[in-house]
Amino acid sequence: MHDLGAFRANLDAVAARLATRGKPLPIEQFRDLDQRRRAAITETEQLRAEQNAISREVATLRKQGLETSGLQANSRAVGERISALAGQTEALDAEFRELLAGIPNIPHESVPVGASAEDNVEIRRVGEPPHFDFEPKAHWDLGPDLGILDFDRAAKITGARFAVYMGAGAKLERALINFMLDVHTREHGYTETLPPFMANSASLFGTGQLPKFAEDLFKIDKTDYWLIPTAEVPVTNLYRDEVLDPARLPIKFCAYTPCFRSEAGSYGRDVRGIIRQHQFQKVELVKFTLPEQSYDELDRLTADAEDILRRLGLPFRTVVLSTGDMGFGSAKTYDIEVWLPGQNGYKEISSCSNYEAFQARRANIRYKAPKKAEFAHTLNGSGLAVGRTWVAVVENGQQRDGSIVIPDALRAFMNAERIQRNGQLA
C-alpha cells in the first residue's frame, strides 16, 4: 500500500511510473477526492478561527455583564458544522485509502520498462540443457509410466488439477523438501518455521492478496479463514502490528507449506501435469530488512534460491521482470526459470521479489528509528516450488530405458541413485 501523504503530494509522478506497468491510475478520481478533502479541511480551519473569535467575544461580553446567548448559539452551530466536516474528511480519507489498496506498487527505477513477459531481461544462464539420444518425455507421461504419479485417481478423489504421488514419487517430493530446508537453514542462515496453513483476512490484506485477488483464493465457509496461497502470507504476518529492533534486521525465515490456489486467471495455461495445480508444495524464503538493506538482500535471496538448482545440477536462467509482468505488490522481481526437456523450454520455478514498504505499510510492520518508527521492507521468494523441482529432476534425469537418475545432492535423502522403470529405487 502507498503512503497517503506522499501519494497525494506526488500524484502526477506516481501516475507516470505506474503507467509503465500498464495500470493507468484513475488520476481524476484521486484529484476529485483530494480537492473535496482539501476543501473540507480549509472550511474546517476557517470555522475553527470563527469559533475562536466568537469565544473571545463571548468572554469580553461576559466581563461587561452583557447577553451572550445568541453568540453561544452561533458557536454551537459552528461546532456542529466542524463535526460534520470531520466526518466528511474521514470518509474521504477512507475512500482514498480504499482506492489505494487496489493500486499496485511503484516499480523500482532499475526495473526494465515493458508491456509483458516478452520484455523481461535475462541476466544470467547457468548450465546447458541435456542432450538426449532419444525423444525425451514430459513428466505427465514419465510419472504414470513409472507408477509414481497418478492423475486419474486424484481426479476421482478431488477433481482436475490435483495429483497423487506414489512410492518413489512421494519419497522424491519429501526428499526435495528436506534438502531445501536443510540447505537454507544450515548454510544460508534462515530460521525454519512451520506456520498455519490457513490465514485470516487481515493477513491476506497485509500481503496484498485481498481485496483485489479474492477469486484466486479458497475461502473456508462460515469462517474468516482462507487456505494460504503461499507461506509468504503467514510468515510475513508474523510481525504484523509489531515494531522490530533494527539491530535484528535482516530477519530471515524459511517455511515448508502446501499452497492452495484457484488459478482463476490461468485461462487454460499448463493444464497438463503438475506445473499449475490447485494444491502444491513449496519452500518459501521471507526477509524483513531495513530500507537501505533491501536490494542487497534481494540479490542474496535470489542467489540462495538459485543455489538449490546449482546443487541439483539443473540448468536454469534468471530474468528480471519488466514493469508489465510484475506482481501486484512487487517493486522488483527476479524470476528463476528451470529447463524442462518435456516442454522444451524454461519454466518459472521461483519469483524473488522486493516489496519495499508496500506490504509493511498494509500490515503495519515497523522498526525503531531515531525520531519515530519507520516501515520495514519485506522480501520473499520460492526456495523452491517443490512440485516444479520434482518435474525438473524427473525430466532432466530421464534415461533411454525409462529410468530416472537421481541428482547426487538428493541421494542421501532418497537412499538411492535411480528410480527404475518399475518405479522401484535402486
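Residues numbered from 1 in each chain as written. Predicted model: local features only at pLDDT ≥ 70, side-chain atom pairs only at ≥ 80, totals over all residues. Heavy atoms only, no water.

## Observations concerning the overall build of the protein chain
Heads up, the rule is: Helical segments are the DSSP runs of H or I of at least four residues, strand segments are the runs of E of at least two, and each set is numbered from the N terminus. Relative accessibility under 20% of the residue-type maximum defines a buried residue, over 50% an exposed one, and the middle range a partly exposed one, all with a 1.4 Å probe and only protein chains included. By definition in these notes, contact holds between two residues if any of their heavy atoms fall within 4.5 Å. Computed with a 1.4 Å probe, the accessible areas rest on the Shrake-Rupley method; for each residue, only the protein chains presented here act as cover.
Each helix and strand counted, the protein chain has 13 helices and 18 strands in total. Each principal axis of the C-alpha atoms in the protein chain carries an extent, and together these give about 110 × 45 × 40 Å. The buried share among the 426 residues of the protein chain stands at 50%. Within the protein chain, residue pairs in contact and separated by at least 24 positions form 72% of the contacts whose partners lie at least 6 positions apart. For the protein chain, the exposed surface amounts to about 20000 Å²; the carbon and sulfur share of it is 48%.

## Considering the sheet that holds strand 10 (residues 279-289)
In plain terms, the rule: Paired strands, in this sense, are two strands between which DSSP finds at least two bridges. A fitted line through C-alpha atoms serves as each axis, taken over the contacting stretch for helices, and the angle formed by two N-to-C directions is quoted from 0 to 180°.
With mixed pairing, 8 strands are arranged side by side in an open sheet as 1-11-12-13-16-10-9-4. Looking along the sheet, the strands with just one partner apiece sit at the ends: strand 1 (121-126) and strand 4 (191-192). Sheet analysis places strand 12 (residues 332-340) next to strand 13 (residues 345-354), joined by 9 bridges and oriented antiparallel. By the bridge assignment for strand 13, L340 is matched with G345. Of the strands in this sheet, strand 1, strand 10, strand 11 (316-320), strand 12, strand 13 and strand 16 (377-385) touch helix 10 (residues 294-312), which is tilted by about 5° from strand 16. The strands touched by helix 12 (residues 386-396) are strand 10, strand 12, strand 13 and strand 16; relative to strand 16, the strand with the most contacts, the crossing angle is about 35°.

## Regarding the environment of C254
Along the chain, C254 falls in strand 9 (residues 251-260). When its relative accessible area of 0% is taken as the criterion, C254 is described as buried.

## Remarks on the pattern of salt bridges
Note the following rule: Salt bridge, as used here, is a side-chain nitrogen of Lys or Arg placed within 4 Å of a carboxyl oxygen of Asp or Glu.
The tally for this structure, following the rule as stated, stands at 22 salt bridges. The partner of E28 in a salt bridge is R31, with the nearest N and O atoms 3.6 Å apart. Taken together, the residues E28 and R31, both in helix 3 (residues 27-63) and 3 residues apart, mark about one turn of the helix. The exposed category is assigned to E28, whose relative accessible area is 53%. Residues R124 and E306 are paired through a salt bridge, measuring 2.7 Å at the closest nitrogen-oxygen approach.

## Quick notes on the nonpolar core
Test applied: Residue types Ala, Val, Leu, Ile, Met, Phe, Trp, Tyr and Cys, when buried and joined through side-chain atoms within 4.5 Å, form a set referred to as a nonpolar core.
L172, L176, M180, L309, W390, L410 and I419 are the most contacted members of the largest nonpolar core, which totals 49 residues. Top contributing element to this core by residue count: helix 7 (residues 168-186), with 9 residues. Excluding residues within four positions of it along the chain, W390 makes contact with I148, L149, Y165, G169, L172, E173, L176 and I274.

## Let's talk about the pairing of strand 9
Regular strands show a simple pattern: their side chains alternate between the two faces of the sheet. Among the 10 residues in strand 9, 8 count as buried, and that is most of the element. In terms of strand pairing, strand 9 meets strand 10 through 10 bridges, oriented antiparallel. Paired with C254 across the two strands is L285, which belongs to strand 10.

## Notes on helix 2 (residues 11-19)
Threshold: This arc is built from the directions going out from the helix axis to the C-beta atoms.
If you check which residues of helix 2 are buried, you get L11, V14, A15 and L18. The buried residues of helix 2 all sit within an arc of 100° when viewed along its axis, so they share a single face. In this structure, the buried residues of helix 2 make contact with helix 1 (4-9) and helix 3.

## Digging into the state of the cysteines
Put plainly, two cysteines are in a disulfide when a covalent bond ties their sulfur atoms together. Operational definition: The criterion for a disulfide is a pair of cysteine sulfur atoms lying within 2.5 Å.
Counted by the stated rule, this structure contains 0 disulfides. Its sulfur unpaired, C259 is 14 Å from the next cysteine sulfur, which belongs to C254.

## Structural notes on the packing of helix 7 against helix 10
Note the cut-off: The scheme is simple: roughly parallel for angles under 35 degrees, roughly antiparallel for over 145, roughly perpendicular for 65 to 115, oblique for anything else. With the far helix as reference, a near helix turned anticlockwise by less than a right angle produces a left-handed crossing, and one turned clockwise produces a right-handed crossing. Following the grouping adopted for this structure description, the nonpolar residues are Ala, Val, Leu, Ile, Met, Phe, Trp, Tyr, Cys and Pro, the charged ones are Asp, Glu, Lys and Arg, and the polar ones are all others, Gly among them.
Two elements in contact, helix 7 and helix 10, have axes separated by 11 Å at closest approach and are oriented at 125°. Relative to helix 10, the element helix 7 is oriented oblique. The crossing of helix 7 and helix 10 is right-handed. Residue-level contacts link L176, F179, M180, V183 and H184 of helix 7 to D304, D307, I308, R311 and L312 of helix 10. The residue inventory of the contact of helix 7 with helix 10, partitioned by class, reads 6 nonpolar, 1 polar and 3 charged.

## Concerning the sheet that holds strand 8 (residues 242-244)
Ordered by their spatial adjacency, 3 strands build an open sheet running 8-14-15, and the pairing between neighbours is mixed. A strand with exactly one partner marks an edge of an open sheet, and here the two such strands are strand 8 and strand 15 (374-375). Of the pairings in the sheet, the one linking strand 8 to strand 14 (residues 365-367) comprises 3 bridges and is parallel in character. Paired with V243 across the bridge in strand 14 is R366.

## Things to note about the packing of helix 7 against helix 12
At a minimum axis distance of 10 Å, the contact between helix 7 and helix 12 shows a crossing angle of 115°. The hand of the helix 7/helix 12 crossing is right-handed. Facing helix 7, whose interface residues are G169, L172, E173, L176, I177 and M180, helix 12 presents V386, G387, T389, W390, V393 and V394. Residues of the contact of helix 7 with helix 12, tallied by class, amount to 8 nonpolar, 3 polar and 1 charged.

## Details of the environment of P130
If you trace the backbone, P130 turns up in the loop between strand 1 and helix 5 (139-146). Using a relative accessible area of 28% as the deciding quantity, one classes P130 as partly exposed. The spacing of P130 and L340 is 210 residues in sequence and 9.7 Å in space, taken between C-alpha atoms. Once residues lying within four places of it in the same chain are set aside, the contact partners of P130 are P315, W339, P341 and N396.

Just geometry here; none of it tells us what the structure is for.
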